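Geometric and topological summary
The chain contents come next:
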Amino acid sequence: MVRAVTSLLQKEALGRGIPYPPPLFFLYGEGLAHNIQQAINNKAISGIKISRNGPVINHLFFADDSIIFTEAAHSSVMRLKRLLQAYDEKSVQLINFTKSAVLFSRNTEQSQRQYLSTLLQVQNINSESTYMGLPPFILRSKKESFEAIIKKIQQALAIVSAIPIYSMMFFKLPLLLSKRINSLMARFWWGRDISQKGINWIAWNRMTKSKWEGGLDFKDFTFFNQALLAKQGWRILNNKDSLLSQVLKGRYFCNKSIWEAKKTSSSSWGWQSLLYGLILLKKGIRWQISSGRETKTMEDPWIPRGYPLTPHLQEGIEKSHVPPLVQGLMIH
């Protein structure tokens, strides 16, 4: 995986610092995407597949970042380098190779990593690096993986509530880490240094209650983390054609719904985190019945009122007598 960082200035206007029009930025981005796709079609470079049933991923574009996936081989890297050089020469954008980087899979030998990163003239990302505040690898020790969050909070306690949100949208933070963040917030609120112990004049569980309930409306980061992950689950449910949804479906719930997906020994921490968010989402979600062809009568939540939103059998009625799908209950 190669991360190419582009400049936001016109080549001929770099000295004057004149930004180029946003439409031109998107136009050249589409041109780069087209060239990458052509190289994929011609088998000059290859993307990656997370699973046998998942889509091929060859590039991801952000505001000023381009992440390109290819095989860690000399021929593929050379073709990718020529593609980036051609883009750099013909477009109004410059690739900042000093800020660009390459990330290899764990089964790539160290000597091969050094050789290919030197060939691309970019740095090699290691486990201690971060991208947008997130670690490139989730280590066995989750505390060690997310230790950078605590360091950032200690440096900027005044904006503590805004620092870890991006990380919490994708990963479940260790419970001890969430409690540590809560503790830092409480100490800052009561005007103490983070290294000092003292009296909290109001219990933390009261501070996290809403103002309508007599609290101070503080966020408890344990529950807030789960709520953000539940929001990601909702997005996947409502955007089934998105790349993320297709990747996860191909890897974890290919022939079933996301509600039937389970945690396995090979599940990534990102998927385990999403399952944690779905636990919260499942407590309040229910099917809105249309045809009833996809809703399981006894297993899925579809009853308008009364938690857990699933039907209860009256005495004398056996489950085998109930149609398996809600469609079977409808009068045609």
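Structure's up top.
Summarised in this report is the structure supplied together with it.

Quick notes on the rules
Residues numbered from 1 in each chain as written. Predicted model: local features only at pLDDT ≥ 70, side-chain atom pairs only at ≥ 80, totals over all residues. Heavy atoms only, no water. Helix = DSSP H or I, 4+ residues; strand = E, 2+ residues; numbered from the N terminus. Expected span 1.5 Å × (residues − 1). Contact = heavy atoms within 4.5 Å. Axes fitted to C-alpha atoms, helices over the stretch in contact; angles between N-to-C directions. Parallel < 35°, antiparallel > 145°, perpendicular 65-115°, else oblique. Left-handed = near helix turned anticlockwise from the far one by under 90°. Nonpolar A, V, L, I, M, F, W, Y, C, P; charged D, E, K, R; others polar. Polar contact = N/O pair within 3.5 Å; in protein donor to acceptor, adjacent residues only side chain to side chain. Buried < 20%, exposed > 50% of the residue type's maximum accessible area, 1.4 Å probe, protein only.

Here the focus is helix α11 (residues 269-284). For α11, built from 16 residues, the straight-helix expectation of 22 Å at 1.5 Å per residue is met to within 8% by its first-to-last C-alpha distance of 24 Å. Those residues of α11 hidden inside the fold are in contact with α4 (142-145), α9 (221-238) and α10 (243-252).

Let's shift gears to the environment of R286. Inspection of the secondary structure puts R286 in the segment after α11. In this structure the C-alpha to C-alpha distance between R286 and P304, which are 18 residues apart in sequence, comes to 7.8 Å.

Before going further, it helps to spend a moment on the packing of helix α2 (residues 74-90) against helix α3 (residues 110-120). Contact geometry for α2 and α3: axes closest at 10 Å, N-to-C directions at 20 degrees. Here α2 is positioned roughly parallel relative to α3, judged by the angle of their axes. Between α2 and α3 lies a crossing of right-handed hand. Counted together, H74, V77, M78 and K81 of α2 and Y115, L116, L119 and L120 of α3 form the full contact between these two elements. Across the contact of α2 with α3, the residue classes tally to 6 nonpolar, 1 polar and 1 charged.

Below, the discussion takes up the side chain of N182. With respect to the secondary-structure elements, N182 resides in helix α7 (residues 175-189). At a separation of 3.1 Å, a polar atom in the side chain of N182 contacts the main-chain amide nitrogen of F221. Residues in contact with N182, not counting those within four places in the same chain, are W204, K219, D220, F221 and T222.

Our next topic: the side chain of K81. Along the polypeptide, K81 turns up in helix α2. Note on K81: relative accessible area 17%, which makes it buried. Here L119 takes part through its backbone oxygen, which lies 2.8 Å from a polar atom of the side chain of K81. With near-sequence residues (within four places) excluded, K81 lies in contact with L119, L120 and Q121.

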